[in-house]
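# Inside the fold
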Amino acid sequence: MLKIEHVRKNYDSFSLDCSLEVKSGCITGLIGQNGAGKSTTFKAILGLISIDSGTIHILGKDIKEFKEKDKQKLGVVLSDSGFSGYLAINDIIPILKNLYNDFDSAFFLKQIERFGLPRNKKIKEFSTGMKAKLKVLVAISHNAKLLILDEPTAGLDVIARDELLELLREFMKEDEERSILISSHISSDLETLCDDLYMIHEGKIILHEDTDVLLSDYALIKVDKKQYDTLDKQYLLRSKKESYGYRCLTNQKQYYIENYPQIVIEKGTIDEVITMMIRGELL
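Anyway, here's the lowdown on the structure attached to this text.

Reading the values: the criteria
Residues numbered from 1 in each chain as written. Predicted model: local features only at pLDDT ≥ 70, side-chain atom pairs only at ≥ 80, totals over all residues. Heavy atoms only, no water. Core = buried A, V, L, I, M, F, W, Y, C linked by side-chain atoms within 4.5 Å. Buried < 20%, exposed > 50% of the residue type's maximum accessible area, 1.4 Å probe, protein only. Helix = DSSP H or I, 4+ residues; strand = E, 2+ residues; numbered from the N terminus. Contact = heavy atoms within 4.5 Å. Salt bridge = Lys/Arg side-chain N within 4 Å of Asp/Glu carboxyl O. Pairing = 2+ DSSP bridges. Right-handed = clockwise from strand over helix to strand, strands pointing away. Axes fitted to C-alpha atoms, helices over the stretch in contact; angles between N-to-C directions. Parallel < 35°, antiparallel > 145°, perpendicular 65-115°, else oblique. Left-handed = near helix turned anticlockwise from the far one by under 90°. Nonpolar A, V, L, I, M, F, W, Y, C, P; charged D, E, K, R; others polar. Arc of directions from axis to C-beta. Polar contact = N/O pair within 3.5 Å; in protein donor to acceptor, adjacent residues only side chain to side chain.

In this structure, Phe-108, Leu-134, Leu-147, Ile-180 and Ile-182 are the most contacted members of the largest nonpolar core, which totals 51 residues. Per-element accounting of this core gives the leading share, eight residues, to helix H5 (residues 128–140). Setting aside residues no more than four positions away along its own chain, Ile-180 makes contact with Val-22, Cys-26, Ile-27, Thr-28, Leu-146, Leu-147, Leu-149, Leu-168, Phe-171 and Met-172. Among the nonpolar cores identified, the runner-up in size contains 24 residues, and Leu-2, Leu-20, Ala-36 and Phe-42 belong to it.

Another point: the pattern of salt bridges. If you walk through the whole model with that rule in mind, you get 17 salt bridges. Its salt-bridge partner being Arg-247, residue Glu-242 comes within 2.8 Å of it at the nearest N-O pair. For Arg-247, a relative accessible area of 16% corresponds to the buried category. Within this structure, Lys-61, Lys-69 and Asp-70 form a network of salt bridges that share partners.

The subject of this paragraph is the pairing of strand E7 (residues 146–150). Of all five residues in E7, five are buried; the element is thus mostly enclosed. Residues Leu-146, Ile-148 and Asp-150 line one face of E7 and the alternating positions Leu-147 and Leu-149 line the opposite face, and both faces are buried. Sheet topology note: the E7/strand E8 (residues 179–184) ladder contains five bridges and is parallel. Within the sheet, the bridge partner assigned to Leu-146 lies in E8 and is Ser-179. Once the chain exits E7 it traverses helix H6 (residues 158–173) before rejoining the sheet at E8, and the crossover so formed is right-handed.

Now for the sheet that holds strand E14 (residues 264–267). Here four strands make up an open sheet; going across it, the order is E12-E13-E11-E14 and the pairing antiparallel. Two strands bound the open sheet, and with one partner strand each, they are strand E12 (236–241) and E14. Across the sheet, the mean angle from the axis of one strand to that of its neighbour is 25°, orientation sign disregarded. Relative to strand E13 (residues 246–250), E12 runs antiparallel, the two sharing five bridges. Across the sheet, the residue bridging to Arg-238 is Leu-249, located in E13.

Time to look at the packing of helix H3 (residues 89–99) against helix H4 (residues 105–114). Remark: H3 packs on H4, axes separated minimally by 11 Å, with the N-to-C direction vectors making an angle of 155°. Overall, the two elements H3 and H4 adopt an arrangement that is roughly antiparallel. In this structure, H3 crosses over H4, and the sense of that crossing is right-handed. For the pair H3 and H4, contact is made by Ile-89, Ile-92, Ile-93, Leu-96 and Lys-97 and by Ser-105, Phe-108, Leu-109 and Ile-112, respectively. Across the contact of H3 with H4, the residue classes tally to seven nonpolar, one polar and one charged.

Bringing H4 into the picture now. Those residues of H4 that sit buried are Phe-108, Gln-111 and Ile-112. Seen from one end, H4 has its buried residues packed into an arc of 105°, which puts them on one side. Facing away from the buried side of H4 by more than 90 degrees, the exposed set consists of Ala-106, Lys-110 and Glu-113. N-cap assignment for H4: the residue whose side-chain oxygen lies 3.3 Å from the backbone N of Ala-106 is Asp-104.

Turning to its location among the elements, Ala-44 is positioned in helix H1 (residues 38–45). If we skip the residues at most four places from it in the chain, Ala-44 touches Val-7, Ile-49, Ile-51, Ile-56 and Ile-63.

What follows is about the environment of Leu-283. Tracing the backbone through its elements, the reader meets Leu-283 in the segment after helix H11 (270–279). The sequence separation of Leu-283 and Lys-233 amounts to 50 residues, and the corresponding C-alpha distance is 7.9 Å. For Leu-283, the residues in contact, after removing those within four places along its chain, are Tyr-228, Lys-233, Leu-236, Leu-237 and Ser-239.

By themselves, these figures tell us nothing about what the structure is for.
Here it is as structure tokens:
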């Protein structure tokens, strides 16, 4: 569906060097702090910025050969884009019909009613949640094969985020060949949604893992200095000195459970994995 290899973009104060793949039928998440390179990656994929080097293939085509008719199969949400605030939903429906050959106006209107979005109210008067729902509804209403969603849940409360995530799950159920690339700095949103996760930091991918593996096999180990000195470190990814001793990140939780029953081993959340991958030290 999507494959980018060593896509590089250099700015004065930031450099991107990113490789990732979104497979058919999968939801892939890109997580990282604000400013880590998520939006730059998305803009590169969409051809909104030029790249210095690397390759991008979308729906089996090199981005250089990706034509207007091919773009019909993409659904896009960018954090800094949207319709004019002076338009109403009734104003944008004819625009969408002209933009997309497969725009499903019946589906779109049904979802508008489902989420209680006013059709005659100007978009600038919408709440943050209403604007976010509208952008996602537009992205999924023209039979897209690949959704590219940059921070679609940013600024939303828990209920609004859950509604949007459920909408994306429904989108995937309707066609097993559809795929989604979604970025977020709210990792809990992606734990239950994504098949696999890429972690980006300072423009580089520092971790790629299946979500199930990350949640089942990764763990935090907490030990005092004496325990740390005798600990087998071959399966430790990062360590961080603490007041009590050391906190360590492993992707082989079961090994340490079986061989070190006396030490503290805690299931690692995605947030904790991110923190350790960024702030912990390589061994």
